[in-house]
Amino acid sequence: MLKINKLHKSYPIGDSSLHVLKGIDLSVESGEMVAIMGSSGSGKSTLLNIIGMLDEADEGEYILDEVPIKNLTEKKAAIYRNKFLGFIFQSFNLINYKNALDNVALPLYYQGLKRKERIEKGLFHLEKVGLKDWANHLPNELSGGQKQRVAIARALAANPKLLLADEPTGALDTKTSHEIMEFIQSLNDEGKTILMVTHEEDIANMCKRIVRLRDGVIMEDKFVEQVRASQYV
Amino acid sequence: MFDRDLWREIFQSINMNRTRSLLSGFTVAFAILLFAVLFGIANGLGNTFAEAFVDDASNSIFVMSGRTTKAHKGMQAGRRIQFKNEDYDYLKNEFGDKVQYITARIYKNVNASFRNEKNTYNVRACHPDHQYLENTLMAEGRFINQLDLDNKTKVIVIGRLVEEDLFQKTTALGKYVNLNDIQYKVVGVFEDEGGDNEERMIYMPITTAQQVYGSNDYIDQINLTYNPNMNHDQALAFGRTITNKLKNRFSVASNDQRAIRIRNMAEANKGVETMTSGLGILILVIGFGTLIAGIVGISNIMIFIVKERTKEIGIRKALGASPKSIVSLILIESVIITTIAGYLGLLAGTGILNLVAPSLETYFIKDPSVSTSLVVGATITLIIAGTIAGYLPAKKASRIKPIVALRDD
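### A word on the overall build of chain A
Assigned secondary structure in chain A consists of 7 helices and 10 strands. A buried classification covers 47% of the 233 residues belonging to chain A. Pairs at least 24 residues apart make up 67% of the contacts formed inside chain A by residues separated by at least 6 positions.

In structure tokens form, the structure reads like this:
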């Protein structure tokens, strides 16, 4: 599904440069649910951004669904992002002047689907996250948990192969976090491949595999017994 | 590019971000409004100015005679120079197409009466060309023509105020007016923008006046207009040529300033031309100034809009928007707002001009108006400027890595 070899990334800081990723090797199979952990500055977000084609690696190999991702033009990156990837952000990143349904349907707009189809699919995914009745509400009329569920519905709308989540529960309270995690687990149960960055131990334990980064290298990569979020809800 | 979905996206964005849309729209509308109003007022000033000089043809030369002040060729000073018909013919034939219109004039003062109404008026006996020299506008009937001259008919053309004085509310055309006990038929009534005095004037054929009032061929003055194709310097030179030739013809010393006098409007026109071109420059400066202010305003707003939308751009890119679609989204939105706002500014500007125009006449601003095509041109300039000003930041924003745009700050 996803294969990374000797990935390097550094950011220029003034005259010198900061070496953030120092040769990462990672391979993720279809249907996995992986937590990437590490303290801040360990490079976990950078890794996720490169996987999400939001950022480019300096060196190394990245193969997604047997497609080598390199030397992407902006246009090609846009098409790949739309086709392969769904994003869930810590701060939701909904467009605040669009209602829930329009937000969910936006990736479908960039896929070139007809409006009728977009509304149909958008409503289907909103129903899946339990917010069909909120379709016409603007983001600022929704609670944090509801916003994140709209964002998840949006990530799912384009039917991506890989779901990327950057601290998906970072802005939520414990109870809501568990609800969101329960939902993400159910998506994984259905076969979606999920990669998430988190620094919370209990959230990481709800995944099936934990990759720990420190100073730009993988310290530990282990499979864990998944803790079901449903027991807390 | 122009599919319905894109329009839907744009109108949603305009509609849901009203403050932003209104602000940018207001900038454009206000710039166009100012442009129209200032331009209109400047034009109004120009109109007033032009009107102050329209009475007589601006290319006129008046030729007058007086007494000599210097002895010359054995003749004493103080000799009176009298123009005659032959001098008129000389001027008319000597200079060919350098002369556009020419007329002689005889001045008389008459007591006029019609039934019980009496008054004194100035009479100008003249040639048919006089109509064009004085910008005489016929309200009714006709002006003096060549046939009148040939037959020395007793006809007159009277001013609008003469008709009012003598005929009260009835029409003068075709009636007979008594001038110093001779009956003249009124063949025309004229108007003149040169003021009340000009409209209290009576015109008659010069040959008639010569026969009735003196049985001679004397004339008091010769007026002509020079070919309007002549430039200023040529016109001044032409005036000097006429003076010199006439001085020669009447054996007047070349340094005698009184015997032959000419008044060349070209001399006065120089000042008028300078004023008019000064006003034109003022109008241009005002127009460019407001336009540049508008361009700066819309440019600022476009940069601000792109900045404000950076995060939205990041989200859209993460969801699969191509850079091209981002740029067109921002630009088409700005073009729509600018066009609508520009149109409203145009309507408001011309509306205000029409509203205040009558009350501005006291301030020497007449018919303040601005051509629609000019304002439309200004609006299009603003649209293009806004597009260029928006394109650069939009292009830059569309190239931002989504992760930079999405960074929480």
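### Topic: the overall build of chain B
Helix and strand content of chain B: 14 helices and 12 strands. Expressed as a percentage of the 409 residues in chain B, the buried residues total 38%. For chain B, long-range pairs separated by at least 24 residues make up 81% of all intrachain contacts whose partners lie at least 6 apart in sequence.

### Focus: the pairing of strand E4 (residues 117-126) of chain B
A regular strand carries its side chains on alternate faces of the sheet. Residues and elements named next belong to chain B. The pairing of strand E3 (residues 99-114) with E4 spans 10 bridges and is classified as antiparallel. From the neighbouring strand, Arg-105 faces E4, where its bridge partner is Cys-126. Hairpin connection of E3 to E4: 2 residues between the antiparallel strands, including Arg-115 at a positive phi of 50 degrees.

### Things to note about the interface of chain B and chain A
Taken together, the contact between chain B and chain A spans 20 residues of the former and 21 residues of the latter. When residues of the side of chain B that touches chain A are traced back to their parent elements, those giving at least two are helix H1 (4-16), helix H11 (310-318) and helix H14 (402-406) of chain B. Of the residues that constitute the side of chain B that touches chain A, the class distribution is 9 nonpolar, 5 polar and 6 charged.

### Regarding the packing of H1 of chain B against helix H12 (residues 323-360) of chain B
Residues and elements named next belong to chain B. At a closest axis distance of 10 Å, the pairing of H1 and H12 adopts a crossing angle of 65 degrees. The interaxial crossing formed by H1 with H12 has right-handed handedness. Along its contact with H1, which presents Glu-9, Ile-10, Ser-13 and Ile-14, the element H12 presents Leu-329, Ile-332, Glu-333, Ile-336 and Ile-337. The class makeup of the residues in the contact of H1 with H12 is 6 nonpolar, 1 polar and 2 charged.

### Points about helix H8 (residues 206-213) of chain B
Residues and elements named next belong to chain B. Listing the buried residues of H8 in full gives Ile-206, Thr-208, Ala-209 and Gln-210. In this structure, the buried side of H8 is in contact with E3, E4, helix H5 (146-151), strand E9 (201-205) and strand E10 (218-219). Backbone geometry just after H8 places Ser-215 at a positive phi near 45 degrees.

### Points about the sheet that holds strand E6 (residues 85-88) of chain A
All names here are of chain A. Across the sheet, which stays open at both edges, the 6 strands sit in the order E6-E7-E8-E3-E9-E10 with mixed pairing between neighbours. In this open sheet, the two strands that pair with only one neighbour each are E6 and strand E10 (217-223). The average angle at which neighbouring strand axes cross in this sheet is 15 degrees, direction not considered. Bridging between strand E3 (residues 33-37) and strand E8 (residues 193-197) involves 4 bridges; their strand directions are parallel.

### Considering the sheet that holds strand E1 (residues 2-13) of chain A
All names here are of chain A. Reading across from one edge, E2-E1-E4-E5 is the order of the 4 strands in this open sheet, with antiparallel pairing throughout. The outermost strands of the open sheet, each flanked by one partner alone, are strand E2 (16-28) and strand E5 (67-68). Where helix H1 (residues 44-51) meets the sheet, it contacts E1, E2 and strand E4 (59-64), and its direction lies at approximately 65 degrees from that of E2.

### Observations concerning the environment of His-72 of chain B
Residue and element names in this part refer to chain B. As for its position among the elements, His-72 is in the loop between strand E1 (60-65) and strand E2 (83-84). Residues His-72 and Ser-251, spaced 179 residues apart in sequence, show a C-alpha to C-alpha distance of 7.0 Å. Setting aside its immediate chain neighbours within four residues, His-72 contacts Ser-251, Val-252 and Ala-253.

Here is what the cut-offs are and how they apply
Residues numbered from 1 in each chain as written. Chains lettered and ligands numbered in written order. Predicted model: local features only at pLDDT ≥ 70, side-chain atom pairs only at ≥ 80, totals over all residues. Helix = DSSP H or I, 4+ residues; strand = E, 2+ residues; numbered from the N terminus. Buried ≥ 20, exposed ≤ 12 C-beta atoms within 10 Å, placed from the backbone. Contact = placed C-beta atoms within 7 Å. Pairing = 2+ DSSP bridges. Nonpolar A, V, L, I, M, F, W, Y, C, P; charged D, E, K, R; others polar. Axes fitted to C-alpha atoms, helices over the stretch in contact; angles between N-to-C directions. Left-handed = near helix turned anticlockwise from the far one by under 90°.

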